[in-house]
Amino acid sequence: MRRLPETLSIEVQKGGEGKSRVKMQNGSGWSLVESPSTAFFDDFEDNDDPEAKPTGSYAISTLEVHEGAFHFTYLATFLSYITPHELPVVSCVAELLRDVFRSRVSVPQLILEALKIESGFICLVGLFFLVGIIPLSILIAWSCAGKSTISQCDSQSGSEDTTTASSMVGTTPPPRSNLMAIDESLEDALNCRKRVLAGVLQFILIALLASIATMFVTNEQVASTLEKTPSLVRISLQDAETFIKDSFRQITFHTHSALSNVSESIEYDLIHVDTLLGEPIRRDLAQASGIEEAFEALLNLCALNIEVLRRVHLLQKSVSRAIVVSADASARIEDLQFQLSVLQRQCLSRDRPLCDTLRLRGFEESGFMRALHDLQRDPALLRMMSLGEVEVDSRWQNLSHEVASARANFFGYPLKMMEETEVPREKARKELIRLRDAFQWFRRDFGILARNLVDEVDHLWGRIVPAFDEMQIGGRLLWIFGICCSIVALLVTLLIYSSLSCSCCEAEEKAGITLLGGTTLMSICSLSLSFFCVMVMLLGGHGEVFLCRPLADSPNYTVLQRLLDKPGLLLTTQSQIGVINSILNRASHAKNATVTTSLGDVIENCGQNASTYATFQLETILEASQIANLDNYPTFTEAVERVVASEEDFLTLTASLGQILNIIISESHVNLTKYRMHLSQAIPERDLATFIDQMQRVSLQIRDVATSSRMTTLGSRARRLEVSVMQFLEQLRAELLYHLTALELQKDPWDKQLNISLKLLRSAQEIINEEAREICRNHTESYQIRLKNHFSTAKDILMDILNGNSASCWPLFAIFMANRALFCAHLMDPLNGLWFSTFCCLLLWAICTPICLSLAQIFRRLRKVRKFRHTNSHHAPSDIQIISEQSNWGATTRQDDLDIDRSNW
């Protein structure tokens with residue numbers, strides 16, 4: 001037989017400050033395990049960082065109370081056949097148990113009422129009583145048959161002896177050898193029958209000893225289990241308290257973690273609104289409108305402006321120098337013209353026609369000075385001297401500065417938007433305090449529920465202590481009855497077994513007397529043993545039916561639900577809410593919450609390692625999902641909806657840039673080709689060189705020496721003018737032509753870049769005006785939805801965690817399994833083994849009774865045969881004695897089978 005572990009030798013002590021101490025004995029001695037009081041919840045509420053892991057301090061797991069290979073488990077299967085699961089029977093039994101629990105009927109009345117509806121047990125009771133009266137019936141029948149045979153033999157013995165003697169007179173007596181042969185054959189037959197019956201009886205006695213040993217063992221195990229049951233139940237209740245505290249710790253931790261995550265996520269999104277809202281808007285507008293390409297084109301235009309402006313300044317500088325040199329050269333040319341006119345007047349009449357052919361063009365006549373002045377005073381070129389700076393609305397604006405400002409406004413939109421939404425975002429952040437307050441209320445309500453459940457468990461122990469006291473008294477009485485019945489059965493069996501020992505020494509008379517005495521005691525004791533067997537069978541059978549079968553009716557636990565849920569054994573009303581809902585509502589003081597889970601569902605789900613929150617439907621009481629419900633925070637929703645991205649800054653982003661570019665385009669039209677052609681055609685140096693060459697040819701033809709000499713002198717002065725001024729002026733003219741050409745070449749790409757920039761800018765601004773509002777609205781809605789979705793996401797995550805494998809209720813199932821193993825495997829199975837072994841003893845006694853009586857008869861006959869042989873072997877009887885013995889032999893042998901020696905009584 002498997003026994004409870006020694007660690008179940010437990011004492012429950014009550015310490016100070018509401019703490020319970022369990023004193024467990026193991027191989028190494030005694031140790032104290034303290035169960036923390038409800039102050040645990042108060043300590044936890046002050047702890048901001050609770051530990052989510054379970055404590056693991058479950059004492060039930062260290063006791064190793066579990067089902068094993070018990071030898072009488074098959075009796076539960078047998079009882080299931082004679083008491084099948086039938087709904088009417090279950091309903092009647094449930095009513096009876098409820099009446100017992102509410103003290104309407106007593107336990108004996110319960111048994112009587114149960115017997116009315118349980119035919120299987122009635123049949124077993126009848127069978128046990130029938131088997132119990134078999135030995136007594138056989139003994140009575142055997143005694144009555146023996147008495148009638150003796151009376152009959154006594155009445156017939158006289159006449160038979162006379163007839164036999166008369167018939168034998170005058171006859172020849174049988175030989176002595178024949179009488180001896182008859183005695184030997186009869187003795188051999190009786191010895192053979194004795195050996196067979198003794199062997200059978202010995203085998204039965206061995207089986208009886210085994211049954212009696214089983215009675216001793218099962219009786220001790222039942223007594224031991226009943227003695228240790230209160231301690232283990234107390235440990236189970238303390239583990240239930242530990243489970244409640246662990247569940248409170250873990251569920252609160254996960255709820256706190258989920259709400260902390262949602263609070264941190266929302267706060268992060270509110271702080272980083274520039275990257276989550278402003279930057280996506282700017283990026284989408286840039287991608288849709290191409291404003292960044294327009295800005296790049298404007299930057300390139302500003303770079304070209306610098307180069308064009310440098311060219312214009314170089315041109316104006318060269319023009320100024322050319323004007324200065326041209327003015328000096330023009331004065332000298334005029335002086336040469338004056339001297340030429342004087343020379344022409346001094347020429348003789350015959351040389352006058354040749355002198356009149358000399359002509360020197362001045363700068364005004366060639367248009368060179370006018371071209372320089374026009375170039376210097378050209379309005380477009382003068383405006384290009386300040387290229388990129390225009391006057392708009394009486395205010396000078398610089399293109400580069402405006403481009404930089406527009407780019408800064410565009411790229412700095414996220415930061416500006418963050419500044420504009422500071423007030424609603426700060427209000428939303430303050431609203432998160434309500435989320436923390438909601439968690440504090442949740443923890444407070446859950447703490448009250450857990451504390452009340454712990455108190456319920458403590459009160460439950462106080463309510464069941466009287467029942468355990470009665471059970472202890474009943475267990476001691478049962479043990480006394482069991483040990484008495486076992487001892488009596490052992491003594492009767494040993495008495496019968498001692499008769500076999502006497503028979504081995506050929507003390508048939510003593511053996512017969514012992515057998516008759518043992519059989520008589522066995523017949524009497526079988527009645528009391530049958531009563532004990534019926535009592536134990538009723539206890540074990542009803543315990544199996546009412547306790548073990550509901551506890552083992554997985555996965556639905558239908559009987560258990562009918563006993564406790566619909567309506568419940570523990571409920572005082574006829575409501576259909578079930579025991580779980582009743583306990584939770586009573587602990588939480590919630591009258592409107594309805595927990596629909598049944599006790600069977602709780603056991604099955606806990607056996608599958610389900611979460612405590614989902615198994616007990618704590619959502620209907622605690623409403624953890626409502627903590628992260630956005631509908632409970634209207635102020636937060638209102639604040640979030642005020643976090644709006646405005647498109648006004650984008651609508652006026654490039655207004656000033658467009659005006660500047662339009663002004664630049666209108667003021668930058670200049671005909672550089674005209675000036676280049678004028679300067680190319682007006683060549684003062686060439687005119688002076690032509691004049692000098694003409695003067696040299698004319699001077700050679702003039703015959704007047706004085707005129708020729710003066711003309712040569714004038715040519716020399718012109719030559720010096722050409723070398724000193726006109727050649728430098730020619731260089732300046734070439735430089736002007738170069739600058740004009742370079743400016744003209746530089747201005748063409750500048751004009752193209754200017755037009756491209758203006759086109760890109762207009763196109764980008766048009767797209768921005770069309771799509772900025774839509775883009776800002778879409779991203780604003782997305783950002784607001786993101787903030788709101790944090791609540792729904794946290795709610796889903798929290799529910800997934802609480803309804804998942806966190807805070808598993810497996811410890812409850814372990815407690816349930818340990819108690820089921822205690823009451824069914826360690827209590828009911830030995831109890832069923834006790835009545836079964838008692839029934840086996842009764843049955844073996846019933847089988848043993850006729851065998852013992854037959855052996856007693858054989859012992860008596862053997863005693864007579866041996867006595868007769870002993871008489872014949874030591875005395876030589878006379879013929880008349882021999883005849884008399886022979887005449888009496890027949891009567892003796894006829895009544896040997898049923899005769900009983902009166903001296904043996």
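Data block above holds the structure.
Residues numbered from 1 in each chain as written. Predicted model: local features only at pLDDT ≥ 70, side-chain atom pairs only at ≥ 80, totals over all residues. Heavy atoms only, no water.

**Here's the deal with the overall build of the protein**
Helix and strand counts for the protein come out as 29 helices and five strands. In the protein, which comprises 905 residues, the share counted as buried stands at 48%. In the protein, of all internal contacts separated by at least 6 residues, the share reaching a separation of at least 24 is 86%. With an accessible surface of roughly 43,600 Å², the protein has 57% of that area assigned to carbon and sulfur atoms. (Helix = DSSP H or I, 4+ residues; strand = E, 2+ residues; numbered from the N terminus. Buried < 20%, exposed > 50% of the residue type's maximum accessible area, 1.4 Å probe, protein only. Contact = heavy atoms within 4.5 Å. Areas by Shrake-Rupley, 256 points an atom, 1.4 Å probe, with all protein chains shown as cover.)

**Re the side chain of S523**
Within the secondary structure, S523 is located in helix 16 (residues 508-551). For S523, a relative accessible area of 0% puts it in the buried group. Ignoring any residue separated from it by four or fewer positions in sequence, one finds S523 in contact with P135, L136 and L139.

**A short note on the packing of helix 8 (residues 291-346) against helix 13 (residues 399-411)**
Orientation of helix 8 relative to helix 13, taken along the N-to-C sense of each, is 160 degrees, at an axis distance of 10 Å. Considering the angle they form, helix 8 stands roughly antiparallel to helix 13. Where helix 8 crosses over helix 13, the handedness of that crossing is left-handed. Where helix 8 abuts helix 13, its residues I291, E292, F295, L298, L299, L301, C302 and N305 lie against L399, S400, V403, A406, R407, F410 and F411. Here the residues of the contact of helix 8 with helix 13 sort into eleven nonpolar, two polar and two charged. (Axes fitted to C-alpha atoms, helices over the stretch in contact; angles between N-to-C directions. Parallel < 35°, antiparallel > 145°, perpendicular 65-115°, else oblique. Left-handed = near helix turned anticlockwise from the far one by under 90°. Nonpolar A, V, L, I, M, F, W, Y, C, P; charged D, E, K, R; others polar.)

**Focus: the packing of helix 8 against helix 11 (residues 368-376)**
Two elements in contact, helix 8 and helix 11, have axes separated by 10 Å at closest approach and are oriented at 150 degrees. Taken as axis vectors, helix 8 and helix 11 run roughly antiparallel relative to one another. The crossing of helix 8 and helix 11 is left-handed. Where helix 8 approaches helix 11, its residues L315, Q316, V319, S320, A322, I323, S326 and A327 are matched on the opposing element by F368, M369, L372, H373, L375 and Q376.

**Some words on unusual backbone geometry**
Positive phi outside glycine occurs at Q617, with the angle close to 50 degrees. Of note, Q617 is situated in the loop between helix 20 (612-615) and helix 21 (619-622). Positioned with a positive phi, E623 is a non-glycine residue whose angle comes to about 55 degrees. Among the secondary structure elements, E623 is positioned in the loop between helix 21 and helix 22 (634-641).

**Description of the pattern of salt bridges**
Summed over the entire model, instances satisfying the criterion amount to 15 salt bridges. E431 is paired through a salt bridge with R434; the nearest N and O atoms lie 3.0 Å apart. Of the two residues, E431 and R434 are both situated in helix 15 (residues 422-504); the distance of three residues between them amounts to about one turn of the helix. Across the salt bridge formed by E647 and R773, the nearest N and O atoms sit 2.9 Å from each other. Of this pair, E647 sits in the loop between helix 22 and helix 23 (648-651) while R773 sits in helix 27 (residues 705-802), and the two are 126 residues apart along the sequence. By relative accessible area, which is 49% here, R773 ends up partly exposed. Members of the salt-bridge network, linked through shared partners, are E267, E426 and R429. (Salt bridge = Lys/Arg side-chain N within 4 Å of Asp/Glu carboxyl O.)

**Points about the state of the cysteines**
A disulfide bridge is the covalent bond that connects two cysteines by way of their sulfur atoms. Counting across every chain of the model gives two disulfides. The disulfide that involves C548 links it to C824, with 2.4 Å between the sulfurs. Residues C548 and C824 share a disulfide whose torsion about the S-S bond is about -120 degrees; that sign makes it left-handed. A residue pair is termed long-range when its members are at least 10 positions apart, and C548 in helix 16 and C824 in helix 28 (residues 810-874) qualify at 276 residues. (Disulfide = S-S within 2.5 Å.)

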